[in-house]
Amino acid sequence: AGVAETLERLRFTYTGATPEVLKRCYDKPQVKRMLRSQGVPTPKWKVLHSPAENGWNCFPAIVKPACEHCSFGIDSGAVVCDPGQLNQRVSYVLDTFQQPAIVEDFVDGREFHVPIWGNEQVEMLPPVEIDFSAFDSPCDRLCSFDAKFVPDSTPYRKIKSWTPARLSADELVRLEAASKAAYQ
């Protein structure tokens, strides 16, 4: 957000989100509430401030820092399969990142990165499918920090991308509708 603010202050033209959007996206619970209020599908989630909190019983789940970008804090240990692992990971997030944890249903399925461009009138560019087929464990089938930013890591080397994504016409229409709704 600070970089975008500086570019705007200096009157540079740039692509990407505005400073306000970048700041808002930092807060995952706020974004999830906004998406759900607009009818955009999002996995079930809960914010946890303590590893002893009750109420989560859906596994596998994924535990993340509630207020980070770029998959910071996401690795194979983020996927938990029972209450003991959940408590351990929540403790890790609280101690390491000094912020609440967000726990969500872990969706072990296809993943897409969908570029949208435009302002009032938006257009979806060809979506990218992230191919996790090199991994047997669901714990490794995610876009971790290493997968995005550490070239020597196994996820970075083994995760492939398909552009355009291999989608049926109906899947493409549904993905476009959800992506544009999220953008709005």
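These numbers come from a predicted model, not from an experiment.

(A) Geometry of the sheet that holds strand β1 (residues 45–48). The strand order across the open sheet formed by four strands is β1-β4-β2-β3, and the pairing between neighbours is antiparallel. Across the chains shown, the open sheet's two edge strands, defined by having one partner strand only, are β1 and β3 (79–80). As paired elements, β1 and strand β4 (residues 101–105) share four bridges and run antiparallel to each other. The residue bridging Lys46 from the neighbouring strand is Val103, located in β4. Relative to the sheet, helix α3 (residues 28–37) contacts β1, β2 (61–65) and β4, its axis offset from that of β1 by approximately 155°. Lying over the sheet, helix α4 (residues 83–97) contacts β1, β2, β3 and β4, oriented at roughly 10° with respect to β2.

(B) Summary view of the nonpolar core. Leu48, Trp56, Ala61, Val63, Val80, Leu86, Val90, Val93, Leu94, Phe97, Ala101 and Val103 together form the largest nonpolar core, which totals twelve residues. Of all the secondary-structure elements, those providing two or more residues to this core are β2, α4 and β4. Sorting elements by how many residues they give to this core places α4 first, with five residues. Among the nonpolar cores identified, the runner-up in size contains seven residues, and Phe135, Cys143, Ala147 and Ile159 belong to it.

(C) Quick peek at unusual backbone geometry. A cis amide bond links Phe59 to the next residue, Pro60, at an omega of 0°. With respect to the helices, strands and loops of the structure, Pro60 is situated in the loop between β1 and β2. Here the phi dihedral of Ser71 falls at roughly 65°; this positive angle occurs in a residue that is not glycine. For Ser71, the position within the fold is in the loop between β2 and β3. Residue classification places Ser71 among the buried residues on the basis of a relative accessible area of 11%.

(D) A look at the sheet that holds strand β8 (residues 128–131). Here three strands make up an open sheet; going across it, the order is β5-β8-β9 and the pairing antiparallel. Two strands lie at the open edges of the sheet, namely β5 (111–113) and β9 (160–162), each paired on one side alone. Averaged over all pairs of adjacent strands, the angle between strand axes in this sheet comes to 35°, irrespective of strand direction. Inspection of the sheet shows β8 paired to β9 by three bridges, in the antiparallel sense. Pairing of Glu129 across the sheet is with Trp162, part of β9.

(E) The arrangement of the pairing of β8 in detail. Going residue by residue along β8, you find Val128 and Ile130 tucked away on one face and Glu129 and Asp131 tucked away on the opposite face as well. Pairing analysis gives three bridges linking β5 to β8, with the strands arranged antiparallel. Residue pairing across strands places Glu111 opposite Ile130, the latter belonging to β8.

(F) Inspection of the pairing of β4 at higher detail. For β4, the tally of buried residues reaches five of five residues, placing the bulk of the element in the interior. When β2 meets β4, the two strands line up antiparallel, connected through five bridges. Considered in β4, the bridge of Pro65 is made with Ala101.

Conventions adopted
- Residues numbered from 1 in each chain as written.
- Predicted model: local features only at pLDDT ≥ 70, side-chain atom pairs only at ≥ 80, totals over all residues.
- Heavy atoms only, no water.
- Pairing = 2+ DSSP bridges.
- Helix = DSSP H or I, 4+ residues; strand = E, 2+ residues; numbered from the N terminus.
- Contact = heavy atoms within 4.5 Å.
- Axes fitted to C-alpha atoms, helices over the stretch in contact; angles between N-to-C directions.
- Core = buried A, V, L, I, M, F, W, Y, C linked by side-chain atoms within 4.5 Å.
- Buried < 20%, exposed > 50% of the residue type's maximum accessible area, 1.4 Å probe, protein only.

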